[in-house]
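Each chain is listed here by its residues.
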Amino acid sequence: MNELIRLLSYMICLAAFLGLNLAYLGWVERKGAGHIQRRTGPKDVGPYGLLQPLADGLKLMSKQLIVPANADRPLYMCAPILTMVPAVLLFVAIPFGEHLVPREFSFGLLMMFAFASVGGMSILIGGWGSGNKYSLIAGARAVSQNVAYEIPMLITAITIVMITGSMDLNEIVRQQGGYIWNWNVFRLDKSILMPVSFLVFFICSLAETNRTPFDMGECEGELVAGYHTEYGGMGFGLFMMAEYANLVIGCSLTTVLFLGGWQSPIGIFPGPHWFLLKMYFLIWSFVWIRWTYPRTTFWGLLNLSWKYLIPFSLVNLLLTALFIKVF
Amino acid sequence: MSSLAQSQLRETFELNIGPQHPATHGVLRIKVVMDGEYIDRAEPILGYIHRMHEKMGENRTWNQFWPNMGRLDYLSAMAYNHCYAGLMERAAGIEVPERAEYIRVITAELNRIQSHLLGFGAYIMDLGGFTPLMYAMDEREQILDLLESVTGSRLTYCYFRFGGVYNDIDDDFITGTRAFLKRFRPQIPMYHKLVTGNAILMDRLIGVGPISADMCRKYGATGPVLRGSGVNYDIRRNEPYSVYPELDFDIPVYKECDSMARYMVRMDEMVQSCRIIENALNKLPEGPVMAEKVPKALKPPKGDYHYAVEAARGTFSMRTVSDGTNTSYRMRLRSPTYSNVSLFEEASRGMLLSDALAFLGSLDPVIPEMDR
């Protein structure tokens with residue numbers, strides 16, 4: 001009975017956390033973009049435009065759902081849902097605090113990667129199901145991008161698993177306790193390339209979440225709006241929300257693997273506040289990057305992954321194995 | 001051409017870019033035959049915003065044709081005003097007061113900076129960087145405010161008249177322009193630092209969309225496109241008009257022939273335009289801004305007249321045949337974008353889609369001017 005209440009309350013809290021994030025990250029992005037671009041961003045709906053997400057949501061929900069004539073109806077309809085589900089599901093495994101984990105899995109990390117790949121698939125389904133050439137190109141691009149960037153991401157994650165000897169996300173965080181130099185990103189005693197592999201992981205999560213400069217799936221200058229060109233109303237809304245959910249997941253995972261999760265950098269008061277602080281800092285840097293850099297080309301993107309990131313992460317993997325073996 | 005495109009077993013599909021597409025800056029349609037991500041053949045299809053400006057010129061009086069000049073290239077309308085004014089003054093033999101010519105040059109150059117600023121911002125936006133557009137728009141607003149104060153309009157100017165300009169500039173405009181120059185000058189190095197030096201941008205522009213000088217000559221490309229291919233050709237120098245010979249400025253020329261060269265020509269031209277404006281403000285003479293005794297109903301003598309100016313996108317020239325009445329017998333407009341875009345078909349063969357659109361942006365097309 002106790003367990004049931006625990007799970008129920010976690011479910012409600014997670015839904016609230018998720019809803020708040022999905023709505024207000026959009027606001028943060030628009031406000032941030034505004035300030036980066038010498039303008040104010042949303043300001044009319046509510047104080048500081050704080051009610052803007054609600055207004056947007058209302059607008060999207062009240063729109064008619066139009067299915068294009070040559071769309072593949074079942075695929076077209078299920079793609080937005082299919083992007084949303086894995087993104088939401090993954091919140092179950094994230095350790096917000098030492099005892100604040102909805103469900104502790106001993107294979108949390110594996111689960112993360114497994115479901116993250118489903119998100120990539122759903123973009124292809126959306127692109128294919130739309131029956132639009134732009135969407136199709138975008139879908140194909142998004143999948144080859146996801147495949148290319150999952151490999152260095154996985155290899156880097158394996159490095160972490162080798163160091164910590166666990167796939168349990170909470171256990172990985174526990175091992176980074178103490179001070180800031182115990183975080184995996186600064187664990188030079190395990191591998192001297194650790195800060196760089198943090199960078200690799202960060203770049204990969206940028207690419208995995210389809211954000212500028214790697215937003216090949218959207219690419220509005222070339223492909224109109226990419227895979228969601230034909231989606232209106234809440235179909236589009238779900239894609240947008242899934243993007244933000246993936247953003248939160250990606251940043252949480254980076255925080256957990258490299259930045260010590262809920263551990264405090266100064267050794268006192270560990271707790272969820274540190275986790276949130278680090279995560280939102282990463283999210284903000286994503287926003288910052290998006291409004292600063294132009295987009296790479298599709299070819300440049302794949303080259304970066306296959307020619308630099310993958311060889312590098314492999315070298316890092318070998319080096320870490322060597323370090324662990326020798327010391 | 002890619003090895004992919006050359007292979008025997010190929011499957012192509014057609015992609016319509018436009019007439020409504022974010023990369024085409026208007027109603028340009030490009031019919032592309034794609035081979036995967038490579039372009040097999042790209043054919044620009046024009047005419048979606050054709051308004052028969054040339055025919056309009058033939059059934060309106062000379063004066064009634066003025067408003068059309070603001071509606072060709074809506075980004076650098078002042079140069080088009082200048083061309084029409086110059087053409088008719090040449091035809092009717094009207095002497096323009098020197099002050100009017102200086103004012104024309106100042107406003108036309110301000111307009112050129114404004115046009116290049118928007119071209120710069122919109123181009124980077126094509127490449128996925130949204131922020132520079134907002135910075136460019138901020139600067140552009142200052143120019144629009146200045147020009148609005150003397151011309152009364154913000155975009156489709158109809159400021160010049162046969163024999164001068166409609167309105168004299170006042171001290172507010174002069175001090176405002178000087179203040180703008182002072183504010184704007186340090187911005188360009190900042191743009192170079194923030195945007196031009198960006199590794200991703202350099203990767204996307206350098207070596208992309210090479211156009212040789214021969215190809216430019218073949219299609220009649222002018223303006224930054226031609227000067228980015230290493231040809232030093234600018235009407236302001238090669239066929240001087242107005243008071244340009246008395247002002248000192250350089251013509252930026254880049255020999256790289258790629259998109260980066262065209263981009264750099266535009267950026268450098270903004271600096272040169274600042275120089276021209278400052279120079280002209282310093283030399284601005286006193287006097288009237290309209291020639292005396294310009295007839296209300298102009299009737300230029302019979303003949304065939306031609307006048308060319310350097311607009312922001314290249315050479316704009318007008319040719320008219322007058323039969324001695326108050327309307328034109330034949331009117332012909334030569335607009336730069338039309339020639340610049342016509343080389344797209346040949347130059348884009350075998351390019352990647354994303355490169356081709358980066359290349360199209362570097363031509364800086366303005367569609368209403370192309371379709372006329």
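Residues numbered from 1 in each chain as written. Chains lettered and ligands numbered in written order. Predicted model: local features only at pLDDT ≥ 70, side-chain atom pairs only at ≥ 80, totals over all residues.

Examining the overall build of chain A
Stage number 1. Along chain A, the regular secondary structure elements total eleven helices and zero strands.
Stage number 2. Counting the 327 residues in chain A, one finds 48% classified as buried. (Helix = DSSP H or I, 4+ residues; strand = E, 2+ residues; numbered from the N terminus. Buried ≥ 20, exposed ≤ 12 C-beta atoms within 10 Å, placed from the backbone.)

With respect to the sheet that holds strand β1 (residues 13-17) of chain B
Residue and element names in this part refer to chain B.
Stage number 1. Taken in spatial order, the three strands line up as β1-β2-β3 in an open sheet, and their pairing is antiparallel. Unpaired on one side and paired on the other, β1 and β3 (38-45) mark the two borders of the sheet. On average, adjacent strands in this sheet sit at an angle of 20° to one another, irrespective of strand direction. (Pairing = 2+ DSSP bridges. Axes fitted to C-alpha atoms, helices over the stretch in contact; angles between N-to-C directions.)

Things to note about unusual backbone geometry
For residues that are not glycine, phi is negative in most cases, and the peptide bond is trans in most cases.
Stage number 1. A positive phi angle is found at A:R38, which is not glycine, with a value near 60°.
Stage number 2. Non-glycine residue A:Y48 carries a positive phi angle of around 55°.

Quick look at the nonpolar core
Stage number 1. Residues B:I39, B:A79, B:Y80, B:C83, B:Y84 and B:A356 are the most contacted members of the largest nonpolar core, which totals 107 residues.
Stage number 2. If near-sequence neighbours (up to four positions away) are discounted, B:C83 is found in contact with B:Y307, B:V309, B:F316, B:S317 and B:M318.
Stage number 3. Counting 80 residues, the second-largest nonpolar core is a separate cluster that includes A:L82, A:L193, A:L253 and A:I283. (Core = buried A, V, L, I, M, F, W, Y, C linked by C-beta atoms within 7 Å. Contact = placed C-beta atoms within 7 Å.)

Some words on the pairing of strand β8 (residues 328-334) of chain B
Residues and elements named next belong to chain B.
Stage number 1. Looking at chain direction, strand β7 (residues 314-322) and β8 are connected through six bridges and run antiparallel. Paired with S322 across the bridge in β8 is S328.
Stage number 2. In this antiparallel pair of consecutive strands, β7 and β8, the connection spans five residues, and G324 shows a positive phi of 85°.

Describing the interface of chain B and chain A
It is common to give the size of an interface as the accessible area that goes away when the parts come together.
Stage number 1. Facing 26 residues of chain B, the contacting portion of chain A comprises 21 residues.
Stage number 2. Mapped onto the side of chain B that touches chain A, the elements with two or more residues apiece are β1, α5 (98-126), α6 (131-151), α9 (199-205) and α16 (353-362) of chain B.
Stage number 3. In terms of residue class, the side of chain B that touches chain A is built from 14 nonpolar, six polar and six charged. (Nonpolar A, V, L, I, M, F, W, Y, C, P; charged D, E, K, R; others polar.)

Remarks on the domain arrangement of chain A
Residues and elements named next belong to chain A.
Stage number 1. Per the domain assignment, the segments making up chain A are domain 1 (1-62) and domain 2 (68-326).
Stage number 2. With 15 residues of domain 1 in contact, the opposing surface of domain 2 contributes 15 residues.
Stage number 3. Tallying contributions element by element places helix α1 (residues 2-36) first for the side of domain 1 that touches domain 2, with twelve residues.
Stage number 4. Residue composition of the side of domain 1 that touches domain 2, grouped by class: ten nonpolar, four polar and one charged. (Domains from an automatic or database assignment.)

Thoughts on the pairing of strand β2 (residues 29-35) of chain B
Regular strands have side chains that alternate between both faces of the sheet.
Residue and element names in this part refer to chain B.
Stage number 1. Taking every second residue as pointing to the same face, the buried face of β2 carries I30, V32 and M34, while none of R29, K31, V33 and D35 on the other face is buried.
Stage number 2. In this sheet, β2 lies alongside β1 in antiparallel orientation, the contact comprising five bridges. Within β2, the residue paired with F13 across the bridge is M34.
Stage number 3. Relative to β3, β2 runs antiparallel, the two being bridged by seven bridges. Counterpart to V33 in the pairing with β3 is R41.
Stage number 4. Hairpin connection of β2 to β3: two residues between the antiparallel strands, including G36 at a positive phi of 65°.

Focus: the packing of helix α9 (residues 233-258) of chain A against helix α10 (residues 272-290) of chain A
Residues and elements named next belong to chain A.
Stage number 1. Look at α9 against α10: their axes get within 9 Å of each other, and the N-to-C directions meet at 125°. As far as their axial angle goes, α10 and α9 are oblique. Where α9 crosses over α10, the two elements pack in a sense that is right-handed. The segment α9 lies against α10, with L247, V248, C251, S252, T254 and T255 engaging F275, K278, M279, L282, I283 and F286. (Parallel < 35°, antiparallel > 145°, perpendicular 65-115°, else oblique. Left-handed = near helix turned anticlockwise from the far one by under 90°.)

A few points about the packing of α5(B) against α6(B)
Residues and elements named next belong to chain B.
Stage number 1. Taken N-terminus to C-terminus, the directions of α5 and α6 make an angle of 160°; their axes are 8 Å apart at the nearest point. As the angle between them shows, α5 and α6 are arranged roughly antiparallel. The crossing of α5 and α6 is left-handed. Only P132, L133, A136, M137, E139, R140, I143, L144, L146 and L147 of α6 make contact with α5, whose side of the interface consists of T107, L110, N111, I113, Q114, L117, L118, F120, G121, A122, I124 and M125.

Remarks on α1(A)
Residues and elements named next belong to chain A.
Stage number 1. Between its first and last C-alpha atoms α1 spans 48 Å; for 35 residues at 1.5 Å apiece the expected length is 51 Å, and the two agree.
Stage number 2. Along α1, the sharpest kink reaches roughly 25°, centred on Y24.
Stage number 3. Buried within α1 we find N21, L22, L25, G26, W27, E29 and K31.
Stage number 4. As for α1, its buried residues are in contact with α2 (52-61), α9 and α10.
Stage number 5. At the exit of α1 stands R38, carrying a positive phi of roughly 60°. (Expected span 1.5 Å × (residues − 1). Bend = angle between axes of the 7 residues up to and from the residue.)

Looking at the environment of B:G230
Stage number 1. You can see B:G230 is positioned in the loop between α11 (224-227) and α12 (235-238).
Stage number 2. For B:G230, the contacting residues outside a window of four places in its chain are B:A213, B:V253, B:Y254, B:K255 and B:C257.

Considering the sheet that holds strand β6 (residues 303-311) of chain B
All names here are of chain B.
Stage number 1. One open sheet accounts for three strands, arranged β6-β7-β8; its pairing is antiparallel. The open sheet terminates on both sides in strands that have one partner only, identified here as β6 and β8. Each neighbouring strand pair of the sheet contributes to a mean axis angle of 15°, computed without reference to strand direction.
Stage number 2. Those strands touched by helix α4 (residues 77-92) are β6 and β7, and its axis lies near 150° from that of β6.

Observations concerning the environment of A:S166
Residue and element names in this part refer to chain A.
Stage number 1. Relative to the helices and strands, S166 is located in the loop between α5 (133-164) and α6 (169-174).
Stage number 2. Taking the number of C-beta atoms within 10 Å as the measure of exposure, S166 has 17 and is therefore partly exposed.
Stage number 3. Expressed as a C-alpha distance, the spacing of S166 and G108, which sit 58 residues apart in the sequence, is 9.5 Å.

Quick notes on α4(B)
Residues and elements named next belong to chain B.
Stage number 1. Spanning 16 residues, α4 covers 23 Å between terminal C-alpha atoms, matching the ideal 22 Å at 1.5 Å per step.
Stage number 2. Where burial is concerned, most of α4 is hidden: 14 out of the 16 residues are buried.
Stage number 3. G93 occupies a position one or two residues after α4 and carries a positive phi of about 65°.

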